[in-house]
Structures are given as C-alpha cells and as structure tokens.
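Notes for the structure review
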Amino acid sequence: LLLARVLAAARRGVRVRLVGVDCQDSTRDAERALRILERRDVALAAMFRAKLEPLVGAEAQALRHPQLVRGMDLATLDALSDELARLQAACADAPEAAAAALRAWQGLKAFRIEARDAPREDDIDGYNLRDRYMAQNVLADGHRGAFLGHNCHVLAGRPGGNLEGYVPAGAVL
C-alpha cells in the first residue's frame, strides 16, 4: 500500500527520492561507488577496481550476495573490507559514492558469519549486524520520509523463539 502511494505521488509529479538502506549487495554497491569515482579520477577508480576484483569482477557479479560471501574465506573478506574502507575515504567529497562504498563494506561485515571458514557456532551479534547497519543507514540519511522494509526487519520489539537475541532494525530505530 505504501509503495502504491509513493508511485502514485511520483506519477503526479511529486518528487520521490529512493534511498537504499540495506547492505546485502556489496558487489553492486561497490560498483556504484567505483563508477561515481571514475567520473572524477579514472586512474584511482581503476586502482580500486583491481584491488576489489573478487568483489566486482564478472564472476562476482554472477552471484547473489550470500553465495559470493560463502565462497570467500575470512582473510579475503577482511582484505576486501579494508579496501572498501579506503574507497569510502577516497569518495569523501562524493556523498553518494561514499554511502555506496559504506553499504558494500557493511554487506561484507554483516555476512562475515557466512564465510567459507567462519566458525559455525551461533553468533547472534554477527547476525544482528545487518539490521543494525540498516537502522544506522536510515538515521544517517538525514531526510524525513517513509522507509520501507520487509519481514522481521521492521519489527519494533524483540522477537523470541528461534531468534532469541535477534534485534531487528525496527527495534534499533
């Protein structure tokens, strides 16, 4: 219903701004940051692209985010995360690129528990990262509006049962 209202408003000429707050597509987010950086500094973007190749290369682009992370070891994820932090810093004067680099970094951190060699014990703090990052991204946006989420991410309370200890983005907000 909310989406239908937003689309109807856009058709009437009301300005609608869409903002991605989730962090489960590090490949596309990193690619977005690189493309924006390329407009300003082709050589710097090429240097980052080479270092981020396991994340933005053709093989990575063919995978969904969870598959991508499950195919990497922790050392690779950490090295890519470090490079994404440097990319974000290099994009400080381009807020849209910096935000995309941050979401890419968040995606690797939030899904780190899925890495090929990650410990297989329950890690509720690691599981909670994605929702915490989504809430931080909503708050960092600085604009008033409606933010759309799905499933348990928007719950304001703390669900129990099989998700004991899970803190959804709605609870953080």
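Please read all numbers here as calculations on a predicted model, not as lab measurements.

**Concerning helix α7 (residues 74-90)**
Because each turn of an α-helix spans 3.6 residues, side chains separated by three or four positions in sequence point in the same direction. When the terminal C-alpha atoms of α7 are compared, their 24 Å separation across 17 residues agrees well with the 24 Å that a helix rising 1.5 Å per residue should span. Of all the positions in α7, only L74, L77, L80, S81, E83, L84 and L87 are classed as buried. Considering only its buried residues, α7 is in contact with α2 (26-40), α3 (42-51), α4 (53-56), α6 (65-70) and α8 (95-110).

**Concerning the packing of α2 against α8**
Direction vectors running N to C along α2 and α8 enclose 155°, while the axes themselves pass 8 Å from each other. Taken together, the axis directions place α2 and α8 in an arrangement best described as roughly antiparallel. For the crossing formed where α2 meets α8, the hand is left-handed. Mapping the contact onto sequence places S26, D29, A30, R32, A33 and I36 in α2 and E96, A97, A100, A101, R103, A104, G107 and L108 in α8. Residue composition of the contact of α2 with α8, grouped by class: eight nonpolar, two polar and four charged.

**Points about the packing of aromatic side chains**
Following the criterion strictly, the structure yields one aromatic pair and no others. Taking 5.9 Å as the distance between ring centres and 55° as the angle between the ring planes, the aromatic pair formed by W105 and Y133 counts as tilted. One end of the pair, W105, is in helix α8; the other, Y133, is in helix α9 (residues 124-141), and 28 residues separate them in sequence. Overall, W105 belongs to the partly exposed group, its relative accessible area being 23%. The exposure class of Y133 is buried, given its relative accessible area of 7%.

**Observations regarding α8**
In this model α8 runs 22 Å from its N-terminal to its C-terminal C-alpha over 16 residues, within 8% of the 22 Å that 1.5 Å per residue would give. The complete set of buried residues in α8 reads A97, A98, A100, A101, R103, A104, Q106, G107, L108 and A110. Buried-residue contacts for α8 involve α2, α4, α6, α7 and α9.

**Overview of the side chain of E83**
Relative to the helices and strands, E83 resides in helix α7. Aside from chain neighbours lying at most four places away, what touches E83 is F48, K51 and L52.

**Some details on the environment of R32**
Following the sequence through the fold, R32 ends up in helix α2. With a relative accessible area of 40%, R32 lands in the partly exposed category. Distance in space between the C-alpha atoms of R32 and A100 is 6.4 Å, their sequence separation being 68 residues. Once you skip the residues sitting within four places of it in the chain, R32 turns out to touch E96 and A100.

**Considerations on a negative patch on the surface**
Negative charge collects at one region of the surface, where E121, D122, D123 and D125 lie side by side. What makes E121 exposed here is its relative accessible area of 57%.

The rules we used
- Residues numbered from 1 in each chain as written.
- Predicted model: local features only at pLDDT ≥ 70, side-chain atom pairs only at ≥ 80, totals over all residues.
- Heavy atoms only, no water.
- Helix = DSSP H or I, 4+ residues; strand = E, 2+ residues; numbered from the N terminus.
- Expected span 1.5 Å × (residues − 1).
- Buried < 20%, exposed > 50% of the residue type's maximum accessible area, 1.4 Å probe, protein only.
- Contact = heavy atoms within 4.5 Å.
- Axes fitted to C-alpha atoms, helices over the stretch in contact; angles between N-to-C directions.
- Parallel < 35°, antiparallel > 145°, perpendicular 65-115°, else oblique.
- Left-handed = near helix turned anticlockwise from the far one by under 90°.
- Nonpolar A, V, L, I, M, F, W, Y, C, P; charged D, E, K, R; others polar.
- Phe/Tyr/Trp six-rings, centres within 6.5 Å; stacked < 30°, edge-to-face > 60°.
- Patch = residues over 30% accessible without salt bridge, like charges linked within 9 Å, V, L, I, M, F, W, Y side chains within 5 Å.
- Areas by Shrake-Rupley, 256 points an atom, 1.4 Å probe, with all protein chains shown as cover.
- Salt bridge = Lys/Arg side-chain N within 4 Å of Asp/Glu carboxyl O.
- Lys, Arg positive; Asp, Glu negative; His and termini not counted.
- Charge placed at Lys NZ, Arg CZ, Asp CG, Glu CD.

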